[in-house]
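The residues making up each chain are set out below.
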Amino acid sequence: MKLMITALTAAVAVLISSAPAQAAAKNPVAALKAQLVAGHGVRFTDTSAFVGSINKDPLVVRTGKIRFGKKGLTGWDITGKFSSPLYDGHNTTPERTIAIGDVAWVTGGDLSEDLPKGKTWLKTYSKMNLTTMSSWFGQVVSPAEPATLAALVKNGKLSGSTYRGQITFSQLFKISPWFSSSIPMRSDTEATVTYTLKVDGKGLPSRLTTTWQATDFLDISWWEGKAVTTDTRYTGWGTKVSIKSPPANQVTTELKD
């Protein structure tokens, strides 16, 4: 019996030592930082809607690409379109924002009616003017920013490959240039964003869903009880991304009187 027990113990020890070690969970922040290569980036698609609205179609659909430098985001090119008017008379033609460093160019939507003849782009240096109307209802959280991703991981509870948690507008305002460029007006900086972040096998963000109360953005009576939910898919991590400014002869820095 003693000999049998010794043999079984030895066999178990051999099995344990020969079994492959369980892979450690990927570190999303480390995985993202490895992607910060100049001239490379990621592509994304946003779909946003009002929860509680009688309109069943998405409010806004956006597609875009983000370019990285060694320290983070250096630019983006985003096209957004309203599926339905935001208000009576709202121009629903596609809007586009190109940002390179601290400079941005915007076109389309309501802005089209305010540009001088022969000009199609407005150039701005102000972060407050980086946005278009569609961006106000696009994804306000960017897991492509290391500091923001770190906060999402820290605040979230991990289950499998998915983090679920909450983060406030005020927290995002302190750490995220993307957030500051998305919502230039905030009536309540303590508003809370509820999020679900899924990462892929490399630990990189693949899907982010966020929800926040519409009245936390602007106190408008018909928005009461409604929430803005945005579903963002990220693809093509590490691909080369080219972002170019619009033709100079189509650009103005002034609007019509």
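In what follows, the accompanying structure is described. No experiment lies behind these values; they were computed from the predicted model shown.

Here's the deal with the overall build of the protein
Inference 1: Looking only at helices and strands, the protein has six helices and 12 strands in total.
Inference 2: Summed over all atoms, the accessible surface of the protein reaches about 13700 Å², with 57% contributed by carbon and sulfur.

Considerations on the sheet that holds strand S10 (residues 205–213)
Inference 1: Reading across from one edge, S7-S8-S9-S10-S11-S1-S2-S3-S4-S5-S6-S12 is the order of the 12 strands in this open sheet, with mixed pairing throughout. The sheet terminates laterally at strand S7 (157–159) and strand S12 (251–252), the two strands that pair on one side only.
Inference 2: As judged from the six bridges shared by strand S3 (residues 73–82) and strand S4 (residues 95–100), these two strands associate in the antiparallel manner. In the strand pairing of S4, Ile 78 is matched with Thr 97.
Inference 3: Along the sheet, helix H4 (residues 146–155) makes contact with S7, strand S8 (162–168), strand S9 (192–199) and S10, crossing S8 at roughly 105°.

Details of the side chain of Ser 134
Inference 1: Turning to its location among the elements, Ser 134 is positioned in helix H3 (residues 133–136).
Inference 2: Given the relative accessible area of 2%, Ser 134 is considered buried.
Inference 3: A polar side-chain atom of Ser 134 sits 2.7 Å from a polar atom in the side chain of Glu 95.
Inference 4: Setting aside residues no more than four positions away along its own chain, Ser 134 makes contact with Val 60, Arg 62, Gly 80, Lys 81, Phe 82 and Glu 95.

Thoughts on the side chain of Gln 35
Inference 1: Within the secondary structure layout, Gln 35 lies in the loop between helix H2 (28–33) and strand S1 (40–51).
Inference 2: Assessed through its relative accessible area of 17%, Gln 35 is described here as buried.
Inference 3: Gln 35 has contacts with Phe 68, Leu 204, Trp 237 and Gly 238, leaving out every residue within four places of it along the chain.

Concerning the pattern of salt bridges
Inference 1: Under the defined criterion, the tally for this structure stands at four salt bridges.
Inference 2: A salt bridge links Asp 46 to Arg 62; its shortest N-O distance comes to 2.7 Å. Remark: Arg 62 occurs in strand S2 (residues 60–68) and Asp 46 occurs in strand S1; sequence separation between them is 16 residues. For the pair shown, Asp 46 and Arg 62 are each scored as buried.
Inference 3: Arg 207 serves as the salt-bridge partner of Asp 231, at 2.8 Å between the closest nitrogen and oxygen. Taken as a pair, Asp 231 in strand S11 (residues 227–240) and Arg 207 in strand S10 lie far apart in primary sequence, 24 residues in all.
Inference 4: Accessibility expressed as a relative area gives 19% for Asp 231, which makes it buried.
Inference 5: Through salt bridges with shared partners, one network takes in Arg 207, Asp 231 and Arg 233.

What counts, and at which threshold
- Every chain begins its residue count from 1, and numbering advances along the sequence as written.
- Owing to the predicted nature of the model, reporting of local features is limited to residues with pLDDT of at least 70; listing and counting of side-chain atom pairs is limited to 80 or more, with chain, interface and lining totals taken over all residues.
- Only hydrogens and water are removed before side-chain values are computed, so all heavy atoms of the structure are retained for them.
- Helical segments are the DSSP runs of H or I of at least four residues, strand segments are the runs of E of at least two, and each set is numbered from the N terminus.
- Note that accessible areas follow from Shrake-Rupley with a 1.4 Å probe, and for residues the cover is restricted to the protein chains shown.
- Strand pairing follows a simple DSSP-based rule, namely that at least 2 bridges must link the two strands.
- By the convention used here, residues are in contact when the closest approach between their heavy atoms is within 4.5 Å.
- Note on definitions: angles span 0 to 180 degrees between N-to-C directions of axes, and those axes are lines fitted to C-alpha atoms, for helices only across the stretch in contact.
- Note on classification: 1.4 Å probe, protein chains only; a residue is buried when its accessible area is under 20% of the maximum for its type, exposed when over 50%, partly exposed between these limits.
- Between N or O atoms, a polar contact is any pair within 3.5 Å; within protein, one atom must be a potential hydrogen donor and the other a potential acceptor, and residues adjacent in sequence are included only when both atoms are from side chains.
- Definition used for salt bridges: Asp or Glu carboxyl oxygen within 4 Å of a side-chain nitrogen of Lys or Arg.

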